[in-house]
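What follows is each chain in one-letter form.
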Amino acid sequence: MMKVIGIDFGLSKVGLAISDPSGIIALPLKVIRYKNKEDLLSELKDISEEKDVNKFVIGYPISMNYKENEMTKIIDNFKQDMENLNFEVILEDERLSSEYAKKIMIEQNVKVSRNKEMVDLTAASIILQTYLDRNKN
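Residues numbered from 1 in each chain as written. Predicted model: local features only at pLDDT ≥ 70, side-chain atom pairs only at ≥ 80, totals over all residues. Heavy atoms only, no water.

Student: I'm lost on the pattern of salt bridges in this one. Help?
Tutor: Within this structure, the stated rule accounts for 9 salt bridges. Close ionic contact of Glu 88 with Lys 55 constitutes a salt bridge, the shortest N to O distance being 3.7 Å. Pair noted here: Glu 88 is in strand β5 (residues 88-93) and Lys 55 is in strand β4 (residues 55-60), with a separation of 33 residues, a long-range link. (Salt bridge = Lys/Arg side-chain N within 4 Å of Asp/Glu carboxyl O. Helix = DSSP H or I, 4+ residues; strand = E, 2+ residues; numbered from the N terminus.)

Student: Can you help me understand the nonpolar core in this one?
Tutor: Proteins that are soluble and globular tend to have nonpolar side chains buried together. With 21 residues, the main nonpolar core has Ile 7, Phe 9, Leu 44 and Phe 78 as its most contacted residues. Every element with two or more residues in this core is listed here: β1 (4-9), β2 (13-19), α1 (37-51), β4 and α2 (70-84). The element that contributes the greatest number of residues to this core is α1, accounting for 4 residues. Beyond its immediate sequence surroundings of up to four residues, Phe 9 is in contact with Val 14, Tyr 34, Leu 40, Ile 58, Met 71, Ile 74, Ile 75 and Phe 78. Among the nonpolar cores identified, the runner-up in size contains 9 residues, and Ala 26, Val 57, Leu 128 and Tyr 131 belong to it. (Core = buried A, V, L, I, M, F, W, Y, C linked by side-chain atoms within 4.5 Å. Buried < 20%, exposed > 50% of the residue type's maximum accessible area, 1.4 Å probe, protein only. Contact = heavy atoms within 4.5 Å.)

Student: Can you help me understand the packing of aromatic side chains in this one?
Tutor: Aromatic rings in a pair are described by how distant their centres are and how their planes are angled relative to each other. One pass over the full model with this rule turns up 3 aromatic pairs. Ring geometry for Phe 9 against Tyr 34: centres 6.4 Å apart, planes inclined by 45°, an arrangement best described as tilted. On the criterion of sequence distance, the pair formed by Phe 9 in strand β1 and Tyr 34 in the loop between β3 (26-33) and α1 is long-range, its members being 25 residues apart. Under the relative-accessibility criterion, Phe 9 is labelled buried at 11%. A connected cluster of aromatic rings, assembled from ring pairs, spans Phe 9, Tyr 34 and Phe 78. (Phe/Tyr/Trp six-rings, centres within 6.5 Å; stacked < 30°, edge-to-face > 60°.)

Student: For this particular structure, what's the right way to read helix α4 (residues 116-134)?
Tutor: Between its terminal C-alpha atoms α4 stretches 27 Å, which fits the 27 Å expected from 19 residues at 1.5 Å a residue. Turning to α4, its buried residues number three or more, namely Val 119, Asp 120, Leu 121, Thr 122, Ala 123, Ala 124, Ser 125, Ile 126, Ile 127, Leu 128, Tyr 131 and Leu 132. (Expected span 1.5 Å × (residues − 1).)

Student: Could you clarify how one ought to interpret the sheet that holds β4 in this entry?
Tutor: Across a sheet, paired strands are connected by hydrogen bonds in the backbone, their directions being either parallel or antiparallel. The sheet built from 5 strands is open, its strands ordered β3-β2-β1-β4-β5 with mixed pairing. Strand pairing shows two members of the sheet lacking a second neighbour, β3 and β5, which therefore form its edges. Taken pair by pair, the neighbouring strands of this sheet meet at an average axis angle of 25°, ignoring direction. With 7 bridges connecting them, β2 and β3 associate as antiparallel partners. (Pairing = 2+ DSSP bridges. Axes fitted to C-alpha atoms, helices over the stretch in contact; angles between N-to-C directions.)

Remember that the coordinates give geometry; whether it matters functionally is a separate question.
In structure tokens form, the structure reads like this:
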């Protein structure tokens, strides 16, 4: 398995995680703050080239009752933009990933309010790890 990047998508920033080359462990990578979609896509393209990655797993925010919402529409459009750049894109259910990330941080005595980027990184890692665990060979 090649490396994969996980994305916790937000409207002004995204958290990124990357798998190890064997596809077993998700590791926090970085947070990208962006002003527009073009800037974000350009940065992701640069990271994909630098890290030799062509597959992305994006957290998909379906509501608890399995209904789509405004954010799922935004993610669908973003997925299409990524696919137009010839990336393989997988959508992964992200329900409660940010809440789980906050819980992990609280258990480790990390102040969530002061470490919002760490929440994004941890959520991206959870999204990616969920995908990796489900797709073990």
